[in-house]
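Below are the chains, spelled out letter by letter.
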Amino acid sequence: EKGGYEHFMLKEMYEQPKAITDTVAPRIKEEQIVIEELGMSDEEIKSIQKIMIVACGSAYHAGVTSKYIFEGLARIPVEVDVASEFRYRDPILGDGTLVLIISQSGETADSLAALREAKRKGSKVLGIVNVVGSSIAREADNVMYTWAGPEIAVATTKAYSSQLAALYLLAMKFAGVRGKITPELQREMLSDLRKLPKQVEVLLKQQEKVQKFANRYLAAKDIFFIGRGIDYAISMEGSLKLKEISYIHSEAYAAGELKHGTISLIEEGTLVAAVLTQEDLYKKMISNMVEVRTRGAFVLAITNEGNTEVERAADYVLYIPKTNKYFTNSLAIIPLQLFGYYVSVGRGCDVDKPRNLAKSVTVE
Ligand code: F6R
């Protein structure tokens, strides 16, 4: 059933172009974003005061990415919380708060409890769910499915990528209805969105290159991921991918926070993966890269094609193709997934079934 791949995780990484296409294509009709299952009129979309996103793990990271897009593009305030925190903090969900629950399995206990809490408080709940007919899908007021297909590996890849795609559509839809994007920009973004699957495919071809690089870090003690803005969100996901399947300690930091503590952990040869896809933040990121490099770090940069300036501050660079600034996470995650995967393989870990973890966390 692994279709010739050594692990489900690798197979599922390769299924990402299809997962993105299957999530996006049915929702674009004559150059318009149509999300019928949303069950919201334009008036209702216009009256949203706040979006509260609740999820766990990678689904939470997809939520964090989308915060930048809902806010930046649609100008709707967004709060993101992990479900285990949200459910016990008596959250304030005023009128006009739309609650998004993101979950691959649709069975995560904390996310389901958060959904129930949100409904009890009278909020409208939209589920973004992969498993059809799962508990979260059934109990949400409306559900927008991600069409990634069954995911077997514990570490999520294609479901995460399809969550991002669904969230892009939702943010663009809201921005359009609320008059925050011009039809030209929407057309341009849809065209970039349609290019993502091909671009992901191209990035997956860097497999061998990333494997060679990963093999240098099989004995690493700590690995850090840094980014700013939306790149901080992907740093968190990159760090989780690595640590959950390789058992190497790793953390993600908002690059500007380094000098408030973390930088003291940098030693000679510590790997720091820096993600910089946001042009307006290049300079700030480069200065953070210089800071860690001066203290002995080996800096791996993941950046946009053409940003060769980064080479002066990095020891190794992986480029991603050009896309809309809000979609870069879908591309930057590919080398990060490959990196985590190959470190895990190189260390002889059980890639698809890492110790102590379950695919679906149905207990608190
Ligand atoms: C990480 C991973 C987990 C899940 C989390 C939420 O690779 O798979 O962090 O993302 O357990 O699961 P779902 O999306 O099923 O609610």
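All of the points below concern the structure found in this document. Values in this document were obtained by computation on a predicted structure and should not be read as measured data.

We now examine empty space enclosed by the protein. Using the criterion set out here, one finds 1 cavity of 30 Å³ or more in the structure. Each pocket or cavity is described by its volume, and for the largest cavity that value is around 40 Å³. For the lining of the largest cavity, the secondary-structure elements that each account for two or more residues are helix 10 (207-214), strand 12 (316-320) and helix 13 (328-346). Of the residues contributing to the lining of the largest cavity, the split by class is 7 nonpolar, no polar and no charged.

What follows covers the packing of helix 4 (residues 57-72) against helix 11 (residues 230-246). For any two helices packed against each other, the geometry comes down to the angle between their axes and how far apart the axes lie. Where helix 4 contacts helix 11, the axes come no closer than 8 Å and their chain directions differ by 170°. With respect to each other, helix 4 and helix 11 are oriented roughly antiparallel. Residues G57, S58, H61, V64, T65, Y68 and I69 of helix 4 pack against I230, Y232, A233, M236, E237, L240 and K241 of helix 11. For the contact of helix 4 with helix 11, the residue count by class is 8 nonpolar, 4 polar and 2 charged.

This part takes up the site of the ligand. What surrounds the ligand is a group of 14 residues, the closest being S103, Q104, S105, T108 and E244. In the model, an oxygen atom of the ligand is placed 2.5 Å from a nitrogen or oxygen of the T108 side chain. Computed on the free molecule, the ligand has an accessible area of 410 Å², of which 89% lies beneath the protein chains in the complex. One can see that the ligand is located within the largest pocket. Elements represented by at least two residues in the shell around the ligand include exactly helix 4 and helix 11. Counted by class, the shell around the ligand contains 5 nonpolar, 7 polar and 2 charged residues.

Take the layout of surface pockets next. Here the largest pocket defines a volume of roughly 540 Å³. What lines the largest pocket is a set of 27 residues, and nearest its centre among them are C56, G57, S58, K359 and V361. Looking at side-chain class alone, the lining of the largest pocket contains 13 nonpolar, 10 polar and 4 charged residues. Of the volumes computed, that of the second largest pocket is approximately 180 Å³. Lining of the second largest pocket is provided by 14 residues; of these, D95, G96, T97, L98 and K124 occupy positions nearest its centre. The residue makeup of the lining of the second largest pocket, split by class, is 4 nonpolar, 6 polar and 4 charged.

Taken together, 5 strands build an open sheet; the order of strands is 9-8-10-11-12 and the sheet is parallel. Of all the strands in the sheet, the pair left with one neighbour each is strand 9 (249-254) and strand 12. Averaged over all adjacent pairs, the angle separating strand axes in this sheet is 20°, with direction ignored. Bridge count between strand 8 (residues 222-227) and strand 9: 6 bridges; the pairing is parallel. Its bridge partner being in strand 9, F224 is matched across the sheet by E251.

The rules behind the values
Within each chain, residues carry numbers counting from 1 in the order of the written sequence. pLDDT decides what is reported in this predicted model: residues at 70 or higher carry local features, side-chain atom pairs at 80 or more are listed and counted, and totals for whole chains, interfaces and linings draw on all residues regardless. Water and hydrogen atoms were dropped before computing side-chain values, which therefore reflect all heavy atoms in the structure. Using a 1 Å grid laid over the protein atoms alone, points where a 1.4 Å probe fits but cannot get out form a cavity; open sets with protein on both sides within 12 Å along at least 5 of 7 lines form a pocket; any residue with an atom within 4 Å of a point counts as lining. Grid points are joined across faces, edges and corners, and a volume is the space filled by probe spheres set on the points. Helix numbers and strand numbers start at the N terminus; a helix is a DSSP run of H or I with at least 4 residues, a strand a run of E with at least 2. Each residue is assigned to one class: nonpolar for Ala, Val, Leu, Ile, Met, Phe, Trp, Tyr, Cys and Pro, charged for Asp, Glu, Lys and Arg, and polar for all the others, Gly among them. The convention used is that axes are lines fitted to C-alpha atoms, helices contributing only their stretch in contact, and that angles between N-to-C directions extend from 0 to 180 degrees. Any angle between 65 and 115 degrees counts as roughly perpendicular, while under 35 counts as roughly parallel, over 145 as roughly antiparallel, and the rest as oblique. In this analysis, two residues are considered to be in contact whenever any of their non-hydrogen atoms come within 4.5 Å of each other. We call a residue near a molecule or strand whenever a single non-hydrogen atom of that residue lies within 4 Å of it. Polar contacts here mean pairs of N or O atoms no more than 3.5 Å apart (in protein, one a potential hydrogen donor and the other a potential acceptor; neighbouring residues in sequence count only if both atoms are side-chain atoms). Method for areas: the Shrake-Rupley scheme with a 1.4 Å probe, in which residue coverage is limited to the protein chains shown. Criterion for pocket placement: a molecule counts as inside a cavity or pocket if more than half of its atoms are within 2 Å of its grid points. The pairing criterion for strands is at least two bridges between them, as found by DSSP.

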